[in-house]
Each structure stands twice: as structure tokens, then as C-alpha cells.
Amino acid sequence: MTKIVVIGAGYAGVLATKKLEKKLRKKKLIDSCEITLIDKHPYHTMLTELHEVAACRVGEESIKMNLDQIFAGRKVNVVLDTVTRVDFEKNVVTGKNADYSYDYLVVAAGSKPTYFGVEGAEQYSYKLWSYDDAVKLRDRIHDCFRLAADETDPARKKELLSFYVVGAGFTGVEMVGELAEYTPVLCKRFNIDREDVTIVDVDGLSRPVPILPEKLSNKVDRRLRKMGVEVVMNTSVVGVGENFIKLKKGDDVTEHVAGTVIWTAGIESSEITSSMAKEVKSGGRGRIEVDEYLRSVDHENVYVIGDNMLYTAPGQERPVPQMVENAEHSAAAVAKNLMVAITGQGERESYNPKFHGVMVCVGGRYGVARVGMANHQINLASFFAMFAKHFINIIYFIQVMGWTKIFSYLTHEFFTIRNNRSFLGGHFSNKTPSFMLVPLRVWLGAVWVFEGVMKIVEGWLKKPMLEGFFGGANSWFDSLLGRIDPAAVDAVSAATAEVADAVASASTEVAAAVPSGTVIFDWNLKLFELIFVSGTDLAKATISDLAFKIQVPFVDWIVENMVLSSDAMTMFMQGFIVIMQILIGLGLMGGCFTFLSAAVSLVLQAMFVTTTGLYLNTFWMIFAGLAVLFNGGRSIGIDYYLMPWLKKQWKKVKWARKWYLYND
């Protein structure tokens, strides 16, 4: 049994474990290997999104993913433990709870804040490098505003409302941007004047986020100042106290009131990695030196990835950066190289990452980015930068937890966002009470039941009627478009009078009629054709006279060669349509399987608009179907009780958990 131990469930550790397990399973070697992932938390944290929780843009549950969900259905032994030592000679990882022997070790233990020896910084400042940090900081910010609202001592109130963010790199700028964006919301909630709140971002750097081009750094600077942040550059922090911060610029040291100091000034390897770094060749801040295959230069069976690795790629002057993209690339490289080591087959992959840029958000509405290919990148700002940021997050979630995390992410970032704190504003946020949709849902269902019952009355279950149903409508459109002689339409209409009258009475699909009216537009787009006509003179037309059709050649072929291929098939399709109309109607009326009922409703409408066309006075059914599609039955409906039970049972299905085909 080959034993692989992975230390750390951060970006690099989770991806390396998943990719390795998948490769072993594909090669049918998973039963001869044992993968153990060790972390002190039972969840994986989105460290790049911590500022969103700290400033209460999204809920705390949005930034963590449970490890048992990530590795559901996979042969990975997830262990909750704190690693205290690694014995490289005996190949043993020691934790507080147990020892773990290994044949191959992957070190991905992540980082922690570094304080550069600044007096009082670790004791009195709030850090932002874990789930717990973000929650504590969020509560601290709320407490400051809550207490300040009742404070009568001006000095104490000023202290409570003074916030200093130390660091103007990625984390610092994103944190201070979120705080500045959230401050007006808190001021309104607690009846505090915005002018009484002090927000300062301080750093010894010459400009914010210097890894960005100067033009983008300047945009960040201007945005922060516009949001009421005092940006203090070329200034170092030399001391932090319980209610103050000391700044040094040149030879001048000044002390300022600071009720809350948030430290984002730099990182170093985690404690366990720093401990290991003392026993192997390493560099500054506890980063372990690796070879081109990401193995420790001292131990070939020890791989180091993510923030813990010290490696300079060919042609580069500096080591690879401690950023998420490096974690992703190094995880993939190690998974491949481990497979070569385990199987003895294939070629090892030299690590030569190509990074695709960087981005920074200044609150939820604005950001800047430098993205593209390794040798050609472009600057983005505002909407496009924020779009790129969310898109890249979704790509990462696809790798880690698939559909369920993507749906959760979209829900938190867009569908439930409050105070318009999104680059799309609050336009997609569910602010309308769902019970207001109940009358619409019931009425839509009743109309579908009526349609189905009327088709039974008309004889849809007794004899074939679809040929006249389709033929009359097509002839009517063709005559208006000048494609056939109107006399031919009269003949078709006479031959299908019974069908035409039935369809017309239902007022849903376009019926055969004596050709008259106006062509508003006829756009042939090759793959399909858009047709919009009026059944009478346009000046006299009402909405019930206007008809729209999407002519799709492939659909026409299906109708001609499959649906109308025989009387038996025609009767089957007629029965199917009738049954579906009644079932989805009852489902919508009762709020039972509402999503499925609304989805089938939309499919039927799409079928009608591409075969017979639809009068505009029935288009409301399409929009109603869209309106009740998501959670439309959770208010005053059976789904209120049914769906939670079904979701609970569904999550127990092994392959549904494995492929993340559920949402929370």
C-alpha cells in the first residue's frame, strides 16, 4: 500500500488531492494507494474572499466548503488534526492526535501573517488570514458602530470610529475598500455621521498594489479616496497599542487614535512549514526550496506547493509569487509527478507556470485587473475587471465543488446581495416577496389545465389532428409572406376547419385563417427565421392579432419526419401534449415540483412558438413561467414541505454527492 499524506486543505492541498485521486482512480490504482489529507479545520476556506465576510457583504458560510462534501465519493481519508512535526528520516508526520506514516509527503500548509517585529502589532491588531479572523473582524466592526451610537464621550466615540488598515497590497486594499463601502450602510443603521468615521490605509509602499501597472495603481488610489479613505503611502508602522497606532514617515514618528487596527502587511509560512524549513534547505519566511519537479532539494519523496514553495522558474529573476494561480498550477504539476513516481511510468513535468494576471477589488462594485496570456496582458477596470474576477472564481469552484458551489456563489454574490453591493448593483437580488407570485403561479396553472381539458373536448385523444393543427398555421404564415397562393390557404382552412376552430377557441396557438394582415418583419438568419405578423391591418390590430414565430428548419424536419410519420405517432404526441398540459397545470396550482412544472411549461411554449407560432396575448405565459421557475412553490405550496425532504434524501445518493449534483 503506497501512502500519500497531504498537509493542508488550502487552495494547493485540496486541488492536489483531488487531481491525484482522480488520476489514481483512472489508472485503477486507487485501491493500492492511501491518500490522507490533514488539516486542523473540517472545511476549505476561500482566503481571497475573507474581506467580503469581514465587511458583511456576504455571509460567513459563503467562504467555506466542507471537506466531507468536497471529497464525497472519493477515496480520500480526511483527518482533522494539527500537525506538530515531520520526521523526514522515519517518514512520519506527527499530529496532536496521531502519527501518520508516508511514502510521499505533500506540504501545502499555507501561510500566516508576519508582523516584522512591530511592537504590539500581533497583540493589538486584527489579522485577516482565516475564516475565524473574518468573523471576528466583522463582529468587531459592528460592535464599534453599535457602541459609538450610544457613546457620549467625544474622545471615546472617535476612538471607536477610527479604523486603520496596515498594508496596501491585495488584501489591504480589498479590506479597506469593503470597509469604506460598508461604512455608509452602518452609519445609516446606527444614525452616525459619516464624517465622524476615520478610515486610513497605510503602507511603506510608494503606491497601492505596486505589482499592478502604475496606471491601475493610480485608479485604485483615486477610488479609495473617493470612498472616503485616507491613503497614506511611504509611511511605516512602528507601534500598535490598544487604542493607538504609531506611524513613521522619514524621521518623524506620530501617534494616532485607532480603535481598530487591521493587519494585512505580509505573510510567512505557517508554523509547521517554518518548523520543517529549519531541517531542510529553505529561504526567507519559511519557504522550502524545491527542484524543478517541486520536490524538496533534500528529500525526493517530499513535495512542496503553494505558498510554502521557494522556486524560481526558468528565465525569471524572482521566485514564483504566493498567489492562488501558483497554488493551482503547482497542485496540477505535483499530481502528475506523483503519478510518475508511484507508477514508474511517464515523464516528470518541470514546473514552468504561465500566470494570467492579477486583479484587485475595491469594494463590491469596482475593481482593476491586469489579465491575459503570459506574454500579452491588458488592463481592465470597473465592470470588466469585476466580471473577470467572478468568472475566475467560478472556474476555481468548478474544480473544487462543481455545480453546488457555483450555485451557492451566485446566490451569495448576486441573487441575495443587499445594499446594491455588487458590480451589477441589486438588479438580480430577490427583493420581491415570493408569496406575491402565488396568484400568478395559480393562474398560469389554471390556464394550462384549461388548455388540456379543451383539447380532450376537441377530440385530441380520439383522432389525429396535429397535421391540420400544424398545416393550417404554417399555410397562414406562408400566405402572408407571399410564399403560397391565398386560394390554397382557403382550401387548407376548409379542410381543417374543425381543428382551426378548436385552436382558435383555446387562444393559444396560431390557427389557420383566411389570409389577411401585415408582415411586420421577416428576418432570415440562416439557422432560423424570425417572423412577426399582424392578422389584420396594423392600424386596426390589437395584441391578439399579432403573431410571432421562430421558423427552425430542424424543428420542421422533426415534425414532418417523426411527429407526423404515422397516425400512431401523431396520437402519441397528442396524448403527451394533453397529459403534460394538465399535469404541469396541477403542479403549478398546487406548488408541487414547481421548478419542473415551470420548466416544462417553457418547453411547451418553445415548441409552440417554433411550430405554429404564438399570438402575443399568450406571451404572458412565457414570462410567468420564468417568474415562478425558482422557488415559486415555496410560498403557500406543497414544495414548502416536499423539497427540503427530497433534497435531504437526494444528498444521500452517492453519485449525486460525488458529482455535486445538489445545492444547499
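Sequence order sets the numbering: in each chain, residues are counted from 1 along the sequence as written. With the structure being a predicted model, the display of local features is reserved for residues of pLDDT at least 70 and the display and counting of side-chain atom pairs for 80 or more, all residues being used for whole-chain, interface and lining totals. Side-chain descriptors were evaluated using all non-hydrogen atoms of the structure, hydrogens and water having been removed beforehand.

Turning our eyes to something else, we now look at the sheet that holds strand β13 (residues 198-202). With respect to topology, five strands assemble into an open sheet ordered β11-β18-β12-β13-β14, the strand pairing being parallel. In the strand order of this sheet, the two ends are held by β11 (126-127) and β14 (230-232), each with one partner. Here, any two strands with at least 2 DSSP bridges between them count as paired. Secondary structure follows DSSP: runs of H or I at least 4 residues long count as helices, runs of E at least 2 residues long count as strands, and numbering of each begins at the N terminus. Pairing geometry for β11 and strand β18 (residues 260-263), over two bridges, is parallel. Residue pairing in the sheet places Y126 in a bridge with I262 of β18. Here a residue-residue contact requires only that any non-hydrogen atoms of the pair lie within 4.5 Å. Only C-alpha atoms enter the line fits that serve as axes; for helices the fit covers just the stretch in contact. Angles between N-to-C directions range over 0 to 180 degrees. Packed onto the sheet, helix α7 (residues 170-190) meets β12 (162-166), β13 and β18 and runs at close to 170° relative to β13.

Residue exposure (1.4 Å probe, protein chains only): buried if accessible area is under 20% of the type maximum, exposed if over 50%, otherwise partly exposed. Burial within β12 is extensive, with five of its five residues counted as buried. The two faces of β12 match: S162, Y164 and V166 on one face and F163 and V165 on the other face are all buried. One ladder, built from five bridges, connects β12 with β13; its direction is parallel. Residue pairing for β13: Y164 is matched across the bridge by V200. Pairing of β12 with β18, which is carried by four bridges, proceeds in the parallel orientation. Residue V166 lies in a different strand from β18, and its bridge partner there is W263.

Residue position: E49 is located in the loop between β3 (43-45) and α2 (50-54). Setting aside anything within four residues of it in sequence, one finds E49 in contact with I63, K389, N393 and E413.

Strands sit in the order β6-β7-β8 across an open sheet of three strands; the sheet is antiparallel. Of all strands in the sheet, those bounded by a partner on one side alone are β6 (83-87) and β8 (99-101). Adjacent strand axes in the sheet meet at a mean angle of 20° when their direction is disregarded. Where β6 lies against strand β7 (residues 92-95), four bridges are found, and the strand directions are antiparallel. Within the sheet, the bridge partner assigned to V83 lies in β7 and is G95.

The subject of this paragraph is the pairing of strand β24 (residues 367-373). Judged from the five bridges that link them, strand β23 (residues 357-361) and β24 form a sheet pairing that is antiparallel. Bridge pairing in β24 links C361 to G367. Linking β23 to β24, which pair antiparallel, is a turn of five residues; within it G363 sits at a positive phi near 85°. As judged from the six bridges shared by β24 and strand β25 (residues 376-381), these two strands associate in the antiparallel manner. Directly across from A369, in β25, lies its bridge partner L380.

Patches in this entry comprise residues that are over 30% relatively accessible and not in a salt bridge; like charges within 9 Å are linked, as are nonpolar side chains (Val, Leu, Ile, Met, Phe, Trp, Tyr) within 5 Å. Exposure was quantified through the Shrake-Rupley algorithm and a 1.4 Å probe, taking into account, for residues, occlusion by the shown protein chains and nothing else. Here, a salt bridge means any Lys or Arg side-chain nitrogen found within 4 Å of an Asp or Glu carboxyl oxygen. Residues F383, F384, F387, F391, I392, I395 and I398 make up a contiguous nonpolar surface patch of roughly 710 Å² in combined accessible area. Mapping F387 onto the fold places it in helix α11 (residues 383-415). The class of F387 is partly exposed, set by a relative accessible area of 49%.

What follows is about the confidence of the model for the protein. When pLDDT is averaged along the protein, the result is 93; 95% of the residues meet or exceed 70. When the criterion is pLDDT under 50, residues 491-508 qualifies, and its contacts beyond four places in sequence or with other chains add up to 29 contacts. What pLDDT conveys is the predictor's confidence in a given residue, as a value from 0 to 100.

Counting residues in each nonpolar core, the largest one holds 117 residues, and the members touching the most others are I70, V86, V93, L105, F145 and M175. For V86, the contacting residues outside a window of four places in its chain are I7, V92, V93, Y102, L105, M276 and E279. Grouped together as the second largest cluster of nonpolar side chains are 35 residues, L444, F532, L546 and V559 included. Grouping buried Ala, Val, Leu, Ile, Met, Phe, Trp, Tyr and Cys residues that are joined through side-chain atoms within 4.5 Å yields what is termed a nonpolar core.

Let us now look at unusual backbone geometry. The backbone phi angle of K28 is positive, close to 60°, even though this residue is not glycine. By the element assignment, K28 lies in the loop between α1 (11-26) and β2 (33-39). Judged by relative accessible area, K28 falls into the exposed class, the value being 75%. Here I636, not a glycine, exhibits a phi torsion of approximately 50°, which is positive. You can call I636 exposed: its relative accessible area is 67%.

Turning to the pattern of salt bridges, a few remarks are in order. By the definition in use, this model includes 27 salt bridges. D143 is the salt-bridge partner of R146, the closest N and O atoms lying 3.2 Å from each other. Note that R146 and D143 are positioned in helix α5 (residues 131-150) at a spacing of three residues, about one turn of the helix. Residue class for D143 comes out partly exposed when judged on its relative accessible area of 31%.

Now for the packing of helix α12 (residues 438-458) against helix α18 (residues 594-611). Two quantities define a packed helix pair, namely the angle between the helix axes and the distance between the axes. Two elements in contact, α12 and α18, have axes separated by 12 Å at closest approach and are oriented at 50°. Judged by the angle between their axes, α12 and α18 are oblique. α18 is crossed by α12, and the crossing has left-handed handedness. Contact with α12, carried on its side by R441, L444 and W448, involves T594, S601, L604, Q605 and F608 of α18 and no other residues of that element. Each residue is assigned to one of three groups, with Ala, Val, Leu, Ile, Met, Phe, Trp, Tyr, Cys and Pro labelled nonpolar, Asp, Glu, Lys and Arg labelled charged, and all others, Gly among them, labelled polar. Taken together, the residues that form the contact of α12 with α18 break down as four nonpolar, three polar and one charged. Under this scheme an angle from 65 to 115 degrees is roughly perpendicular, one under 35 degrees roughly parallel, and one over 145 degrees roughly antiparallel; angles in between are oblique. Crossing handedness follows the turn of the near helix against the far one: under a right angle anticlockwise gives a left-handed crossing, and clockwise gives a right-handed one.

For helix α13 (residues 466-480), spanning 15 residues, the distance from its first C-alpha to its last is 22 Å, which sits close to the expected 21 Å at 1.5 Å a residue. Counting buried positions over the 15 residues of α13 gives eleven, a clear majority of the element. Those residues of α13 lying buried are L466, G468, F469, F470, G472, A473, S475, W476, F477, S479 and L480. G482, located one to two residues past α13, shows a positive phi value of around 75°. Expected helix span is computed as 1.5 Å times (number of residues minus one).

When the sulfur atoms of two cysteines come within 2.5 Å, that pair is taken as a disulfide. In total, this model carries zero disulfides according to the counting rule given. Lacking any disulfide linkage, C187 is separated from the closest cysteine sulfur, that of C144, by 12 Å. Residue classification places C187 among the buried residues on the basis of a relative accessible area of 5%.

So, about the packing of aromatic side chains. Put simply, two rings from Phe, Tyr or Trp (the six-membered ring, in Trp's case) pair if the centres are within 6.5 Å, and we call them stacked under 30 degrees between planes, edge-to-face over 60, tilted for the rest. Inspection of every chain in the model, using the stated rule, returns 23 aromatic pairs. Residues F145 and F163 carry aromatic rings whose centres are separated by 5.9 Å and whose planes lie at 15° to one another, so their mutual orientation is stacked. In this pair, F145 is assigned in helix α5 and F163 in strand β12, connecting sequence segments 18 residues apart. On the accessibility criterion, F145 (0% relative accessible area) is buried. Pairing F521 with F532 gives two aromatic rings, centres 5.5 Å apart and planes at 55°, and the pair type is tilted. Taken together, the residues span a long stretch of sequence, with F521 in strand β26 (residues 518-524) and F532 in strand β27 (residues 529-534) at a distance of eleven residues. Two thresholds decide whether a charge sits over a ring: the Lys NZ or Arg CZ must be within 6 Å of the ring centre and within 35 degrees of the ring normal. Here the basic side chain of K64 rests over the ring of Y43, its NZ or CZ set 4.9 Å away from the ring centre.

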